[in-house]
Structures are given as structure tokens and as C-alpha cells.
Amino acid sequence: MIGVFSVAALTLLLGGVLALVFPIFWYLFAKQHVQPSNIPNGSMGWPFLGETLGYLRPHKSTSMGTFLEKHCSRYGKVFKSHLFGSPTIVSCDHELNTFILQNEGKLFQSSYPKPVLDILGKLSIMLVSGDLHRKLRSIAVSFISVSRTKPDFLHYVEKLSTSLMESWKAHQEVSFYKEAKKFTLYVMLKYVLDIEPEDPLAPKILEDFLTFMKGFVSIPVYVPGTPYAKAVKARARLSFTLKEIIKEREKREVGHVKGDFLDEIMQKGNLSDEERVSVALDILLAGYETTSGLLGLVVYFIAQSPSVLQQLKEEHQALRRRKKDGEPLSLEDFKEMEFTSNVISESLRCGNLVKFVHRKALQDVEFKEFLIPAGWKVLPILSSPHLDPSLHNNPSQFDPSRWADSDQAISKKVSPFGGGLRLCPGTDLAKVETALFLHHLVLNYRWKTKVDESPISCPYLDFNRDLLLKIEPIENRS
Ligand code: HEM
């Protein structure tokens, strides 16, 4: 009796499972057979996971990584796949990338995976579209473009750079990437919230942002202790801290303004508190995480290239000779740092700080011989044209002189800052900050990388052992 019952129960159970699983398999596989033939070639990988694990496998950021190399040689620069839970078109083609970025809001729209959405919050500039995007972006753009030209911003960047380097004097080694993160976050904290490094809130905010980043590439299941759950909690803490600061400021007497970004957005009547918190977090995160990556890349590439270091030193020594002792650097000085600017651009090309961005097709899009179906995800790989031998001679060689060309033809073949309506508003701010920091670094320190500290794409940028440097102060710096 028990046996008959078990067989019946098992049959029922199997039937139930099949009834559940069959439609999913049909959706994933049968549907592919009726896809139009001009969808790019490719593979949809495993059910559910698709090819996501292979796509996300860490690799040197100075290369495309095995996944993209193999897929491009098998299917071409544009191929289909199944990534982050959706059918996807991956583009390693510069022309298609430009087309996608330039058609934001018309044919394509920003579309980030769930963990990014949960962690950044649904009001993040990176995630919103249409009128709300225009409103939040214009606030960010106007603040960033004014700050980077202000003498007191430049002085603060210099002051923080020199005090950080002063703190290295007692050490022979520094974990440079950690130091760079501290430096760039403290610059942003001063300008967004008027918080100085000595404030007890500063290291807490840094800690929360570090937790934040680890959650971006994680499985979005809220299990306590996972990187995703920790990142969501860190976001909630940051949001709470900002709301408390806003409340305090609302109690202030009229006229007692600090003039930082928070004051500026508090004066804007058309923003809700949630929008204020979100835009302030966006600027803090985007402003610190990427600029510290850029600093890491520049320092890494210079360590491999003594002739570049020598040329940089000469540029900064010449600049110093034109200034009085201790005189702060100005925006004009920055504009004269031509070689430094080429080193920064070449580091972005070779090091690939942002590997790709997330989009989806709003309608069926025909591009050359291909069809991108409506609703599919689209991933323009920004790093791919940077390393493409049909666009750059000897692309894997770090060579700042390729940027010396006065018509800057090369800048049309790279897009480290994205493009179109979502072109990064922080481009110049990141460059000024990096150039001023480098000024003091090349004049005051020699450095070597300890072991293989190549930049890694995880897919966000990271360094093995936080870019451990062996450092030595330069005693006589004439
Ligand atoms: C080397 C440094 C930087 C790199 C490589 C970089 C790269 C990028 C890229 C590729 C995007 C486009 C994202 C997309 O299309 O989905 C972007 C957007 C953005 N970046 Fe940057 N960024 C850098 C520095 C900064 C800084 C310093 C700030 C602010 C202070 C900033 C603020 C933003 C914001 C607010 C957006 C969103 C723009 C929008 O969606 O309209 N970035 N960045």
C-alpha cells in the first residue's frame, strides 16, 4: 500500500515539476528557434545562468579577457548571449557602441541589473530616464563643472595630497589603492557635505562605500551576511546619515549656509528629500570610486615606464620653477600640464576603468546587417575599441605620445567616459584631481610595484593586494 502510494505521489510530483519546468525550457530554447535570422550569432549558454559566470570572470583590465576574445573570434565583434538574466547583444564594435550611446532615450535606455538598482536606489541618475534624468543630471553637471574651476577646490585637493604623502614618510610600503580611495572620498566629502577627514563620520562613510561596491556584482537574494545584503544595508545607513544632516541643516538660522553641494540642492524647491539624498550619494560614489581607479592606473603604468616618469618629472619641475615657493596650483597651471594629460588619457585607454555599460533596446533596432530585438539587453563594451589593433598601433603598449597628435584623432576612437546623453559629467574633475595629485607625487616620491599588481577587471576595477608600492621620498627635489 505504502509502495503504491509512493509511486503515485512520485508520479504526481514529477508531473508537477515537469509542468513547471517545461514552459521555462520552452521559453529559453524553443523561442530561440523562431528568432529572426539576422540576430547576431552567439550562444545562450546554460538555462537561467546563460553565460554570466564566464562573462564576469576576472581578468587583467589591460586585456579584453578570455570570454570576449573567444566570443569575438568565433562570432564576430557583435554577438548574442544570455547575461544577467536576459537575452543580450554584446557589442565590441566601436561604431555600434557609439550608435547605442548616441541613441539613449530614443532607441536604447539605461538598464542596470537588480543588485545595482537595489544598491544605488531607484532614483539614481544612472538608472532614471526621461524628465527625471534631465532634472537630476543638470543639477550634478552644474555643481561639478563649477567646483572643478574654483581655486579653493584646487587648494583643497593639493592640501589633501600633500598631507597624505606626508603620512607616508614613516613607511617604505603603501597600499596605494586604499590610500587613493581615502583621498578621493575625502575630496568629495568636503565638496558635497563639508565634512573634513578628521570628522568621525568620514571613515564610517568610507567603510560603507567600500561595502557598497562589493555588492554590485552579487546574487540579489537577501540572505544576511552576503555581499548583496551588506551593500543594501550600507546604502540604508548612508541614506540615513544624509537625511540626518539635512534635518540638522533645516534647523539652521537663515543665512548660515556652508556653500557645499548639499546646501545647493537644499535650496532647490523642485527636489524631494529622497531625490536630494540620491543625487548626493551618486556624486559621492561616482566621484570617489572612479577617480581612485584612475590614480591607481596612472601610478601603475608609470611604475612600468621609467621614460614616462622622467618626462612627467621634467614637466612638473619646469612648472614648479615658474611658481613662487609654496604657491598653490591654478587651473591655468593644470591646462599647461600637457604631457600629464596625455599620461592620464593613455592610462584610461590601456587600463579600462569602466569595462561596459548596461542598456536595453526600446524597439527593434536594425544596425548594418544585424537586428537587435526590442526588450533585449545591450552591452556596449567600452574597453574593446581601446585595445583594437584596427584602431590603434600596438594597442597593448602604454605610450602617452600617441595622444600628442594636435588634432586629437585618437579621442574619437576611445570612450572611457561613455557618451551621448549619459556622457560622464565628472571627466574634467577627475582629470584635475589626478593631475594635481601627480604633481606632488612625482616631485616627492619614487615608487615601484612590489609584485604583479596588474589592474584587474572584476568587472569593476581592482588591484591585487591593493596596488602595494615600495616607496622612497626624494630628499633633494630640485
Ligand atoms: C576617471 C574617472 C571617471 C570615469 C572613467 C567615469 C566613467 C563614467 C561612465 C562610463 C559613465 C557612463 C555610465 C553609463 O552610460 O551608464 C559615467 C557616468 C557618470 N559619472 Fe563618471 N566617470 C569618472 C569620474 C566621475 C566623477 C569624478 C564624477 C562626479 C564627481 C562622475 C559622475 C558621474 C555621473 C553623475 C554619471 C551619470 C551620468 C548620467 O547617467 O547622466 N564621474 N561615468
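Every chain is numbered on its own, with residues counted from 1 as its sequence reads. pLDDT decides what is reported in this predicted model: residues at 70 or higher carry local features, side-chain atom pairs at 80 or more are listed and counted, and totals for whole chains, interfaces and linings draw on all residues regardless. Note that the side-chain values use all heavy atoms of the structure and ignore hydrogens as well as water.

The name given to the chain in an unreviewed UniProt entry is Cytochrome P450 724B1, and the organism recorded there is Camellia lanceoleosa.

### Some points on the packing of aromatic side chains
Where we set the bar: Note on aromatic contacts: the rings of Phe and Tyr and the six-membered ring of Trp form a pair at centre separations within 6.5 Å, being stacked when their planes are under 30 degrees apart, edge-to-face when over 60 apart, and tilted otherwise. Elements are defined by DSSP. Helices are runs of H or I of four residues or more, strands are runs of E of two residues or more, and each kind is numbered from the N terminus.
In the structure shown here, the tally under the stated rule is 20 aromatic pairs. Both rings, one in F84 and one in F356, keep their centres 6.3 Å apart while their planes meet at 25 degrees; by these two values the pair is stacked. Taken together, the residues span a long stretch of sequence, with F84 in the loop between β2 (78–83) and β3 (86–91) and F356 in the loop between α15 (338–351) and β6 (359–361) at a distance of 272 residues. Ring geometry for F99 versus F108: centroids 6.2 Å apart, planes at 85 degrees, classification edge-to-face.

### So, the site of the ligand
Here is the rule we go by: We define proximity as follows: a residue is near a molecule or strand when any one of its heavy atoms falls within 4 Å of that partner. Polar contact criterion, stated in full: a pair of N or O atoms within 3.5 Å, where within protein one must be able to donate a hydrogen and the other to accept it, and residues adjacent in sequence count only if both atoms are side-chain atoms. Residues are grouped as follows: nonpolar covers Ala, Val, Leu, Ile, Met, Phe, Trp, Tyr, Cys and Pro; charged covers Asp, Glu, Lys and Arg; every other residue, Gly included, is treated as polar.
Taken together, 27 residues form the shell around the ligand, and within it Y112, H133, R137, R359 and C424 come nearest. Here R137 contributes a side-chain N or O atom positioned 2.7 Å from an oxygen atom of the ligand. One of the side-chain N or O atoms of R422 is found 3.0 Å from an oxygen atom in the ligand. Going through the elements one at a time, α6 (130–147), α12 (273–303) and α17 (427–444) are the ones with two or more residues in the shell around the ligand. Considered class by class, the residues forming the shell around the ligand number 18 nonpolar, six polar and three charged.

### Side note on helix α3 (residues 66–75)
Stated precisely, the cut-off is as follows: Three exposure classes are used, based on accessible area relative to the maximum for each residue type with a 1.4 Å probe and protein chains only: buried under 20%, partly exposed in between, and exposed over 50%. Here, the arc refers to the directions that run from the helix axis to the C-beta atoms. Residues are treated as being in contact if the distance between any of their heavy atoms lies within 4.5 Å.
Inspection of α3 places F67, L68, H71 and C72 among the buried residues, and these make up the whole buried set. One face of α3 carries all of its buried residues, which in axial projection span an arc of 115 degrees. Among the exposed residues of α3, those pointing more than 90 degrees away from its buried face are K70, S73 and R74. Its buried side turned inward, α3 meets α2 (52–56), β2 and β3. A positive backbone phi angle near 105 degrees is found at G76, which sits one or two residues after α3.

### Observations regarding the sheet that holds strand β11 (residues 455–457)
Our working rule: Two strands form a pair only when DSSP identifies at least two bridges running between them. Angles here are taken between N-to-C directions and fall from 0 to 180 degrees, while the axes themselves are lines fitted to C-alpha atoms, restricted in helices to the stretch in contact.
Strand order across the open sheet formed by three strands is β1-β11-β12, with antiparallel pairing between neighbours. The sheet is open, and its two edges are formed by β1 (59–60) and β12 (461–463), each paired on a single side. As paired elements, β1 and β11 share two bridges and run antiparallel to each other. Bridge assignment links K60 to a residue of β11, and that residue is I456. The strands that α12 touches are β11 and β12; relative to β12, the one it contacts most, it runs at about 50 degrees.

### Digging into the nonpolar core
Rules: Throughout, nonpolar core names a set of buried Ala, Val, Leu, Ile, Met, Phe, Trp, Tyr and Cys residues whose side chains join them through atoms within 4.5 Å.
Membership of the largest hydrophobic core comes to 104 residues, with the highest contact counts inside it found for W168 and F209. A per-element tally of this core places α12 first, with 16 residues. With residues up to four places along the chain from it excluded, the contact list for F209 reads L185, L238, L281, L284, L285 and Y288. The next biggest cluster of nonpolar side chains, apart from the first, holds 16 residues, and it includes I39, M44, L96 and V378.

### Here's the deal with a nonpolar patch on the surface
We apply this condition: Exposure above 30% relative accessible area and the absence of a salt bridge qualify a residue for a patch, where like charges join within 9 Å and nonpolar side chains (Val, Leu, Ile, Met, Phe, Trp, Tyr) within 5 Å. Calculation of accessible area relied on Shrake-Rupley with a 1.4 Å probe; when residues are assessed, cover is drawn exclusively from the protein chains displayed. For this analysis, a salt bridge means a side-chain nitrogen from Lys or Arg found within 4 Å of a carboxyl oxygen belonging to Asp or Glu.
Together, W46, L49 and L53 line one region of the surface with nonpolar side chains, adding up to about 390 Å² of accessible area. Relative to the helices and strands, L49 is located in the loop between α1 (2–33) and α2.

### Quick look at the coordination of the iron atom of the ligand
What counts is decided by this rule: Atoms of type N, O and S within 2.8 Å of a metal are treated as its donors, and for Na, K and Ca the window is 3.2 Å; water is not considered, so some sites may appear to be missing partners.
Protein coordination of the iron atom of the ligand is limited to a single donor, C424 (SG), positioned at 2.3 Å. Its location among the elements puts C424 in the loop between α16 (383–386) and α17.

### Details of the pairing of strand β10 (residues 445–449)
Residue alternation in β10 divides its side chains into a buried set, Y445, W447 and T449, and an unburied set, R446 and K448. Looking at chain direction, β10 and strand β13 (residues 468–473) are connected through five bridges and run antiparallel. Looking at the pairing, R446 lines up with E472 of β13.

### A closer look at the packing of helix α7 (residues 151–167) against α17
For the record, the criterion: Note that the term roughly parallel is reserved for angles under 35 degrees, roughly antiparallel for angles over 145, roughly perpendicular for angles of 65 to 115, and oblique for everything else. Each crossing gets its handedness from the near helix: less than a right angle anticlockwise from the far helix is left-handed, clockwise is right-handed.
Taken N-terminus to C-terminus, the directions of α7 and α17 make an angle of 40 degrees; their axes are 9 Å apart at the nearest point. By the criterion of interaxial angle, the relationship of α7 to α17 is oblique. As α7 packs across α17, the resulting crossing turns out to be right-handed. Contacts from F153, L154, V157, E158, S161, T162, L164 and M165 of α7 reach α17 at L429, V432, E433, L436, F437, H440 and L441.

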